[in-house]
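As a plain string of letters, each chain reads:
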Amino acid sequence: MPTSHTASHGTSLGASVHTAAPAPGRNYRADLTLFMVIAFAVSWLSWGTAIALGGTETNEAANAPYMLGAFGPLIGALVIRVRRRRRGEPVPEHVVPFRAALLLKAVLLLVLGSATVLAAALLASRAGGPELSLDVAKDAVEDFGGPAAFLVGMLVSGPLSEEPGWRGTAYPRLREKLGTVQVCLVLGVTWAVWHLPLFFIDGTVQHDLGLATPSGVLFVVSNIPMAMLVTAAYERAGIVASIAVHFAVNATMILLAVEEPEVQAMILGIQALTVTALLLTHRTGRQRP
């Protein structure tokens, strides 16, 4: 019997009319758009407030909005997670589920992430760049208030506040239509743009580098190989691995006080080579949690 005829009789008897659910791809695109809007709105509005207050260096009141801004991606990810569960939608197929068996991989990738920065700093030093100093690392830890505060600060601000958003939420939805390298490039450019307000907040590392300087330009460009490195970690061992690599790179750069352009350029090159090796030795497939 034709569908239209059946529907008309069902309606006359008080039965509900069932419409086709939207395709998952359409929902994923809507989720991705909403995530980006929330991530940028929360971060940029918070950082804009910090800029208006004069920056963290001159006004302690700017610390709260400055720190809140880092959590834009996490807030966006939580909104999407709640929204998806309320609608009973499936998880995107390219999500990498958490498994305890992958923890060893996450640890190895953490070491690899730190090694890309340390190797670059050593090579730059041998080539006449800034010398490595244990005192610099000690000062960095003391500035945070000790080893415990340093580790917590490095873990929360960046890895935990960003990775559930960029890798855990944006990546699998972008992968529904794009290849791994294309997604890495998109997220790298997006990540670089997202960081831009930090250059205008007095007291941040980015402000000290300066946007219109070789170091500032290299910081912006370095978001692309960094995004690719963290994404490669995510593909192998999930969100724990991406958090681990993000933490390792950030912490090592702070401990080594990486600011000189020759060191930044060396890190960029080594991370690009590392990512190339990781991508060539790993096949991504559709993974279900």
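Now for a quick tour of the structure.

What counts, and at which threshold
- Residue numbering note: each chain is counted from 1, following its sequence as written.
- Given that the model is predicted, a residue must reach a pLDDT of at least 70 before its local features are reported, and side-chain atom pairs must reach 80 or more before they are shown or counted; all residues, however, enter totals for whole chains, interfaces and linings.
- Calculation of side-chain values draws on the structure's entire complement of heavy atoms; hydrogens and water are dropped beforehand.
- Helix numbers and strand numbers start at the N terminus; a helix is a DSSP run of H or I with at least 4 residues, a strand a run of E with at least 2.
- Each residue gets one of three labels from its accessible area relative to the maximum for its type: buried under 20%, exposed over 50%, partly exposed in between, using a 1.4 Å probe on protein chains only.
- Two residues qualify as a contact provided that any one of their heavy atoms is within 4.5 Å of a heavy atom in the partner residue.
- Method for areas: the Shrake-Rupley scheme with a 1.4 Å probe, in which residue coverage is limited to the protein chains shown.
- Take the buried Ala, Val, Leu, Ile, Met, Phe, Trp, Tyr and Cys residues and link them wherever side-chain atoms come within 4.5 Å; each set so joined is a nonpolar core.
- Without a salt bridge and with relative accessible area above 30%, a residue can belong to a patch; like charges are then joined within 9 Å and nonpolar side chains (Val, Leu, Ile, Met, Phe, Trp, Tyr) within 5 Å.
- Take a side-chain nitrogen of Lys or Arg and a carboxyl oxygen of Asp or Glu: if they are within 4 Å of each other, that pair is a salt bridge.
- Any residue with an atom within 4 Å of a point lines the site, the site being either a cavity, points on a 1 Å grid over the protein atoms alone where a 1.4 Å probe fits but cannot get out, or a pocket, an open set with protein on both sides within 12 Å along at least 5 of 7 lines.
- Grid points are joined across faces, edges and corners, and a volume is the space filled by probe spheres set on the points.
- None of His or the chain ends enter the tally, which takes Lys and Arg as positive and Asp and Glu as negative.
- Where a charge lies is defined by one atom per residue type, namely NZ (Lys), CZ (Arg), CG (Asp) and CD (Glu).
- What counts as an axis is a line fitted to C-alpha atoms, over the stretch in contact for a helix, and the angles between N-to-C directions run from 0 to 180 degrees.
- Left-handed is the label given to a crossing in which the near helix is rotated counterclockwise from the far helix by less than a right angle, and right-handed is the label when the rotation is clockwise.
- Just so you know the grouping, Ala, Val, Leu, Ile, Met, Phe, Trp, Tyr, Cys and Pro go in nonpolar, Asp, Glu, Lys and Arg go in charged, and all remaining residues, Gly too, go in polar.
- Multiplying one less than the number of residues by 1.5 Å gives the expected span of a helix.

1. Quick notes on the overall build of the protein
Then comes step 1: The helix and strand tally for the protein stands at 11 helices and 0 strands.
Then comes step 2: Along the protein, helices (α) and strands (β) appear in the sequence α-α-α-α-α-α-α-α-α-α-α when read from the amino end.
Then comes step 3: Here the protein, with 289 residues, has 42% of them falling under the buried criterion.
Then comes step 4: Of all intrachain contacts in the protein linking residues separated by at least 6 positions in sequence, the fraction that spans at least 24 positions is 78%.
Then comes step 5: For the protein, the computed accessible surface area is about 14800 Å², with 66% contributed by carbon and sulfur atoms.

2. Examining the nonpolar core
Then comes step 1: In this structure, F35, M36, W166, L187 and V245 are the most contacted members of the largest nonpolar core, which totals 47 residues.
Then comes step 2: Looking at this core, the elements with two or more residues in it are α2 (24–52), α5 (103–126), α7 (147–174), α8 (180–195), α10 (214–255) and α11 (261–280).
Then comes step 3: With 12 residues, the single largest contributor to this core is α10.
Then comes step 4: Discounting chain neighbours no more than four positions away, the residues touching V245 are L109, L110, G113, M226, L229, V230 and A233.
Then comes step 5: V141, M154, F247 and A251 belong to the second-largest nonpolar core, a separate cluster that totals 5 residues.

3. Points about a nonpolar patch on the surface
Then comes step 1: On the surface, L104, V107, L108 and V111 cluster together into a nonpolar patch covering about 400 Å² of accessible area.
Then comes step 2: On the basis of relative accessibility, which here comes to 59%, the residue L104 falls in the exposed class.

4. Some thoughts on the layout of surface pockets
Then comes step 1: Empty space within the largest pocket amounts to approximately 1400 Å³.
Then comes step 2: What lines the largest pocket is a set of 45 residues, among which Y66, M154, V205, Q206 and I254 lie closest to the centre.
Then comes step 3: Sorting the residues of the lining of the largest pocket by element identifies α3 (63–69), α6 (134–144), α7, α8, α9 (205–209), α10 and α11 as the ones contributing at least two each.
Then comes step 4: With 10 residues, α10 is the largest single contributor of residues to the lining of the largest pocket.

5. Structural notes on a negative patch on the surface
Then comes step 1: Residues E57, D208, E259, E260 and E262 make up a contiguous surface patch of negative charge.
Then comes step 2: Mapped onto the elements, E260 comes out in the loop between α10 and α11.
Then comes step 3: Given a relative accessible area of 37%, E260 falls into the partly exposed group.

6. Thoughts on the packing of α10 against α11
Then comes step 1: Remark: α10 packs on α11, axes separated minimally by 8 Å, with the N-to-C direction vectors making an angle of 35 degrees. Where α10 crosses over α11, the two elements pack in a sense that is left-handed.
Then comes step 2: Taken together, the residues of the contact of α10 with α11 break down into 19 nonpolar, 5 polar and 2 charged.

7. Looking at the pattern of salt bridges
Two side chains with opposite charge may pair up if their charged atoms get near one another.
Then comes step 1: Applying the stated rule across the entire model yields 5 salt bridges.
Then comes step 2: The closest approach of N and O atoms between R173 and D31, which form a salt bridge, is 3.6 Å. On the criterion of sequence distance, the pair formed by R173 in helix α7 and D31 in helix α2 is long-range, its members being 142 residues apart.
Then comes step 3: Accessibility expressed as a relative area gives 7% for R173, which makes it buried.
Then comes step 4: Where E89 meets R87, a salt bridge forms, and the shortest distance between an N and an O atom there is 2.8 Å.
Then comes step 5: Judged by its relative accessible area of 12%, E89 is buried.
Then comes step 6: Connected via shared salt-bridge partners are D31, R83, R87, E89 and R173.

8. Considering α5
Then comes step 1: The end-to-end C-alpha distance of α5, which contains 24 residues, comes to 35 Å, matching closely the 34 Å that a straight helix rising 1.5 Å per residue would cover.
Then comes step 2: Of all the positions in α5, only A106, L109, G113, T116, V117, A120, A121, A124 and S125 are classed as buried.
Then comes step 3: Looking at the buried positions of α5, the neighbouring elements they touch are α10 and α11.
Then comes step 4: Following α5 by one or two positions, G128 adopts a phi angle in the positive range, close to 100 degrees.

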